[in-house]
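The lines below spell out each chain.
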Amino acid sequence: MNKNSEKIIISTYNHKGLYFAVGVSEQEGNILKSSIPKTRKKDVISEISDSFSSFKVSDKYENLAKSLCSAYHGKKTQFCFNIYDGTPFEKNVLEKVMKIPYGEVRTYKDIAETLGTRAYRAVGMALKRNPLPIIIPCHRVVKSDLSLGGYKGGTNMKKNILKMEGVHIVNDKIIKSMYG
DNA sequence: CAGGCTCTTCACA
DNA sequence: TGTGAAGAGCCTG
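Predicted model, so just to flag it, every value in this text is computed and none were measured.

**Regarding the packing of aromatic side chains**
Across all of its chains, the model carries 2 aromatic pairs by this definition. Seen from their ring centres, F52 and Y84 are 5.2 Å apart, and the 40° between their planes marks the pair as tilted. Linking F52 in strand β4 (residues 52-57) with Y84 in the loop between α2 (62-72) and α3 (88-98), this pair joins segments that are 32 residues apart in sequence. For F52, a relative accessible area of 2% corresponds to the buried category. Residue class for Y84 comes out partly exposed when judged on its relative accessible area of 22%.

The structure is reproduced here in structure tokens:
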């Protein structure tokens, strides 16, 4: 895995035993990477820092890490960010997923079709490598039978985030009215 | 449920 | 550069 050479600042936020972290470019203040919440601080920091050759930890962007926490808890939250890495295909996927409205859901198939391809599985791969989990709402992408599908942080976490956004889920399936 | 289809990416030669 | 395997999926029988 080749690393981004940009210098970043990592800030964390702790809420009820869960740590959140963001990696922000020192130069421009863009969010380049976010973490899946974890129970140990060093784990969220390494999830971020692993993608970069140079970093430092400070509380400068603690407010952003806090926003990440809010978003995780189903609060509508806006972020300013850019996507620092990835193939054109991956960027196209992330761009479509960014546009899924809060509290709604789309399928891997939908995303593939709007990109004019049948690479359903490749859409999943692209989301697996989403550098901005939660901020880019890959948890709003599910399987075409409206069962949940996979998630980097575990399907249980995917289910919980969706529930907190007000999506109705019964027997691990999205109920149709939530599917825009 | 099994098996084939579809495509992108990665590993390894 | 070239080939093969692996995937957060989909469809048909």
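This is not the end of the story, as more comes after the structure.
**Some details on the protein's contact with DNA strand C**
The environment of DNA strand C is made up of 15 residues, and the closest members are Y108, K109, R121, K128 and S144. Protein-proximal atoms of DNA strand C, defined as those within 4 Å of the protein, fall in sugar or phosphate at a share of 47%. S144 is positioned with one of its backbone polar atoms (N or O) 2.9 Å from a phosphate oxygen of DNA strand C. Of the residues belonging to the surface near DNA strand C, the class tally is 7 nonpolar, 3 polar and 5 charged.

**Structural notes on the protein's contact with DNA strand B**
Near DNA strand B you find T87, F89, E90, T117, R118, A119, A122 and R129, and these make up its full shell. Those atoms of DNA strand B that come within 4 Å of the protein belong to sugar or phosphate at a rate of 100%. At 2.2 Å from a phosphate oxygen of DNA strand B is found a side-chain nitrogen or oxygen belonging to T87. Considering only residue class, the surface near DNA strand B consists of 3 nonpolar, 2 polar and 3 charged.

**What to know about the pattern of salt bridges**
Enumeration according to the criterion identifies 8 salt bridges in this entry. In this structure, the salt-bridge partner of E26 is K56, at a minimum N-O distance of 3.2 Å. Taken together, the positions of E26 in the loop between β2 (18-25) and β3 (31-34) and K56 in strand β4 put the pair 30 residues apart, joining distant regions of the chain. Here E26 falls in the partly exposed class, since its relative accessible area comes to 32%. Looking at K56, the relative accessible area reads 45%, which means it is partly exposed. The shortest N-O distance in the salt bridge between D43 and R40 comes to 3.0 Å. The exposure class assigned to D43 is partly exposed, which follows from its relative accessible area of 22%.

**Re helix α6 (residues 155-164)**
Side chains that are three or four residues apart share a direction in an α-helix, a result of its 3.6 residues per turn. Residues M157, K158, K159, I161 and L162 constitute the buried set of α6. Buried residues belonging to α6 abut α2, α4 (108-114), β6 (141-142), β7 (169-170) and β8 (173-174). Following α6 by one or two positions, G166 adopts a phi angle in the positive range, close to 95°.

**Focus on the pairing of β3**
In this sheet, β3 lies alongside β2 in antiparallel orientation, the contact comprising 3 bridges. The partner of V22 across the bridge, within β3, is S34.

**What to know about the domain arrangement of chain A**
In terms of domains, chain A is made up of domain 1 (4-72) and domain 2 (88-178). For domain 1 and domain 2, the distance between their C-alpha centres works out to 23 Å. Listed per partner, the contact involves 11 residues of domain 1 and 11 residues of domain 2. For domain 1, the biggest contributors to the area lost against domain 2 are S34, I36 and Y72; these three give 56% of the whole. The tally of links between domain 1 and domain 2 comes to 1 salt bridge. Two residues, K152 and E47, come together in a salt bridge whose shortest N-O distance is 3.4 Å. Counting across the interface, domain 1 meets domain 2 through 3 residue pairs in polar contact (both at pLDDT 80 or more). If you list the elements that add at least two residues to the side of domain 1 that touches domain 2, you get β3 and α2. For the side of domain 1 that touches domain 2, the leading source of residues is β3, giving 4 residues. Looking at side-chain class alone, the side of domain 1 that touches domain 2 contains 7 nonpolar, 2 polar and 2 charged residues.

Parameters and conventions
Residues numbered from 1 in each chain as written. Chains lettered and ligands numbered in written order. Predicted model: local features only at pLDDT ≥ 70, side-chain atom pairs only at ≥ 80, totals over all residues. Heavy atoms only, no water. Phe/Tyr/Trp six-rings, centres within 6.5 Å; stacked < 30°, edge-to-face > 60°. Helix = DSSP H or I, 4+ residues; strand = E, 2+ residues; numbered from the N terminus. Buried < 20%, exposed > 50% of the residue type's maximum accessible area, 1.4 Å probe, protein only. Near = heavy atom within 4 Å. Polar contact = N/O pair within 3.5 Å; in protein donor to acceptor, adjacent residues only side chain to side chain. Nonpolar A, V, L, I, M, F, W, Y, C, P; charged D, E, K, R; others polar. Salt bridge = Lys/Arg side-chain N within 4 Å of Asp/Glu carboxyl O. Contact = heavy atoms within 4.5 Å. Pairing = 2+ DSSP bridges. Domains from an automatic or database assignment. Buried area = accessible area lost by both parts, 1.4 Å probe.

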